[in-house]
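Each chain is listed here by its residues.
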Amino acid sequence: MTQDFGDRHAAAVAPLLRIEGLSVRFGGIVALDGVGFDVAAGQVCGLIGPNGAGKSTLFNCLSRLYGWQAGRIEFAGRALDTLPRHRMAALGIGRTFQNLALFTSMTVRENVRVGTHTHQHAGFLRDALRLPGVRRLEEEAEARTEEFIALLDLGAVADRRVADLPFGTQKRVELARALAARPRLLLLDEPACGLNHEELEGLGDLILALRARLGLTVLLVEHHMGLVMRVSDKVVALNFGRKIAEGTPEAVRRHPEVIRAYLGDDGAAEPALEVRQHARAA
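First things first, this report covers the structure right here in the doc. (Residues numbered from 1 in each chain as written. Predicted model: local features only at pLDDT ≥ 70, side-chain atom pairs only at ≥ 80, totals over all residues. Heavy atoms only, no water.)

### Here's the deal with the packing of aromatic side chains
- On inspection of all chains with the given rule, the structure shows one aromatic pair.
- A ring pair is formed by Phe26 and Tyr66, whose centres lie 5.3 Å apart and whose planes are at 75°; its orientation type is edge-to-face. Here Phe26, found in strand β2 (residues 15-26), pairs with Tyr66, found in the loop between α1 (55-62) and β5 (70-75); they are 40 residues apart in sequence, far enough to count as distant.
- Phe26 sits in the partly exposed class, given a relative accessible area of 38%. (Phe/Tyr/Trp six-rings, centres within 6.5 Å; stacked < 30°, edge-to-face > 60°. Helix = DSSP H or I, 4+ residues; strand = E, 2+ residues; numbered from the N terminus. Buried < 20%, exposed > 50% of the residue type's maximum accessible area, 1.4 Å probe, protein only.)

Right under this line is the structure:
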């Protein structure tokens, strides 16, 4: 049974993201079963759960990579299922991936520049004929590219091929590209995956700094529970496609359903999430 707790933001604020009764089935497999929760503007919301909980399915619904059989997703008051998939970035939803989705033969600067294209609508003929306004759009894109290269500390490698860079640096390139699209909602899919201890230490501070500087709302799927509990304003826990808890990090961490999901009925409350902090996410 789901138990909800209060979070650190006023409930009266209209949510930026609202998920209601979301259900997804693949044949006879139920991936999501009536999942619902809100994410307020400016909030960092952690999404946790053991293997097969449905977290990746939910992210893919938010990106419109998957459809759903029942329920509703609203972003800034608009139903996502009424919009084409290619409009997600321009609408204000950005995403990183657990398995990097970069153009590895391109440079860092070229990859980040791709993120600016969602807001360029000059049109083919206007662009081809170099009509007024095209140069201004190009200059804006160049400035935004350099802004996020600097913000993610990528200046020293800006002209190097992505394929030649360490994995942790590639992660920052993907984040810079997502931010260059000027999202209001940033979906972070296991950003700590593959990072070394030093890189991991700075990731939480980076997420909070980006939220403050850019006014971002963040939905974070992450298996590293120390990171989730440190940066999240609230946490939503899934298991077998159903929501089992929602509330403050401390309340969800101690919730009996969450403890059972990670450790089984014999798990002790106190070390529950620490023991499984490196479990792979669904």
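### As for the sheet that holds β5
- Reading across the sheet, the four strands line up as β3-β2-β5-β6 and stay open at both edges, with antiparallel pairing between neighbours. The sheet is open, and its two edges are formed by β3 (29-40) and β6 (78-79), each paired on a single side.
- Here β2 runs beside β5; their pairing, made up of five bridges, is antiparallel. In the sheet register, Ser23 faces β5, and the bridge partner there is Ala70.
- Along the sheet face, α1 touches β2, β3 and β5 and points at about 115° away from the line of β2. (Pairing = 2+ DSSP bridges. Contact = heavy atoms within 4.5 Å. Axes fitted to C-alpha atoms, helices over the stretch in contact; angles between N-to-C directions.)

### Points about unusual backbone geometry
- A positive phi angle is found at Glu190, which is not glycine, with a value near 50°.
- Note on placement: Glu190 falls in the loop between β8 (185-189) and α7 (197-214).
- For Glu190, a relative accessible area of 0% translates into the label buried.
- Even without being glycine, Phe240 reaches a positive phi, approximately 50°.
- The topology assignment puts Phe240 in the loop between β10 (234-239) and β11 (242-247).

### A closer look at the nonpolar core
- One finds Ile48, Val108, Leu154, Leu179 and Val258 to be the most contacted residues of the largest nonpolar core, which totals 43 residues.
- Considering every element that reaches this core, the biggest residue donor is helix α6 (residues 167-180), with six residues.
- When residues of this core are assigned to domains, at least three map to each of domain 1 (2-92 + 183-281) and domain 2 (105-181).
- If you look at the next biggest cluster of nonpolar residues, it comprises 31 residues, including Leu17, Phe37, Cys45 and Phe59. (Core = buried A, V, L, I, M, F, W, Y, C linked by side-chain atoms within 4.5 Å. Domains from an automatic or database assignment.)

### Focus on the environment of Ala40
- Examined against the element boundaries, Ala40 turns out to sit in strand β3.
- A relative accessible area of 10% places Ala40 in the buried class.
- Between the C-alpha atoms of Ala40 and Arg18, which are 22 residues apart in sequence, the distance is 8.6 Å.
- When residues no more than four places from it in sequence are discounted, the contact partners of Ala40 are Pro15, Leu16 and Thr217.

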